Amino acid sequence: MKRKTRRLWLVIACVAGLGTAAGLTLSAFSSNIQLFMAPSQIMAKTPAPDRTIRLGGMVVAGSVKRERQGETPINIFQVTDGQAAVTVRFEGILPDLFREGQSVVAVGTMDPDKTFMASEVLAKHDETYMPKEVAEALQKSGKWDPKFGPPPDPASWNAMTGKEVAAGGKK
């Protein structure tokens, strides 16, 4: 084999190896990406049942129900962005900072009956913190505009009931 031919085959092998590595990396990333969705986005277009997503919003006041299935605690509550609400089912112990009217992010999948099956629930860590995605969802829903100050006080969300959310956010 001539020197040029050997060099050409080496370059082709390197390009093929890099292409394969890039393809495998992108494939791994696409299967591990967790999209953030607000309740109104989920109600408009339900994600695939096998797709892991992050649901963010405020816990609707009066919606938290706690049950037991054997030794496992079952928590059922609603999360809203002010326009729509999604029922969340979480098997396990909720974080200590989980409260009604507070912002929350739940990681999980959607059931065919439009119940969000959470595998993890993340609660805010102090009274001024709001996850970036939840703040953006509130901005899009018209419940908060940053030019008018900080995000709404979680206590102001305590007035929201499941009936108002069920009526499409209309009061």
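The name recorded for the protein chain in an unreviewed UniProt entry is Cytochrome c-type biogenesis protein CcmE, from Acetobacter conturbans. Quoted verbatim from the Function (unreviewed entry) field of the UniProt record, the comment on the protein chain reads "Heme chaperone required for the biogenesis of c-type cytochromes. Transiently binds heme delivered by CcmC and transfers the heme to apo-cytochromes in a process facilitated by CcmF and CcmH." UniProt's Sequence similarities (unreviewed entry) comment on the protein chain is quoted here verbatim: "Belongs to the CcmE/CycJ family."

Engineer: Got a minute to help me understand the pattern of salt bridges in this structure?
Structural biologist: Opposite charge on two side chains lets them pair, provided their charged atoms get close. Under the defined criterion, the tally for this structure stands at one salt bridge. Notably, a salt bridge pairs Glu-91 with Arg-89, separated by 3.2 Å at the nearest N-O pair. On the basis of relative accessible area, Glu-91 is assigned to the partly exposed category, the value being 43%.

Engineer: Honestly, the environment of Phe-90 in this entry has me stumped. Any pointers?
Structural biologist: Inspection of the secondary structure puts Phe-90 in strand β5 (residues 85–91). Along the sequence, Phe-90 and Val-107 sit 17 residues apart, while their C-alpha atoms lie 9.8 Å from each other. In this structure, Phe-90 is in contact with Pro-73, Ile-74, Asn-75, Ala-118, Ser-119, Glu-120 and Val-121, ignoring residues within four places of it in sequence.

The rules behind the values
Residues numbered from 1 in each chain as written. Predicted model: local features only at pLDDT ≥ 70, side-chain atom pairs only at ≥ 80, totals over all residues. Heavy atoms only, no water. UniProt positions renumbered as here; feature names shortened; annotations may be inferred. Salt bridge = Lys/Arg side-chain N within 4 Å of Asp/Glu carboxyl O. Buried < 20%, exposed > 50% of the residue type's maximum accessible area, 1.4 Å probe, protein only. Helix = DSSP H or I, 4+ residues; strand = E, 2+ residues; numbered from the N terminus. Contact = heavy atoms within 4.5 Å.

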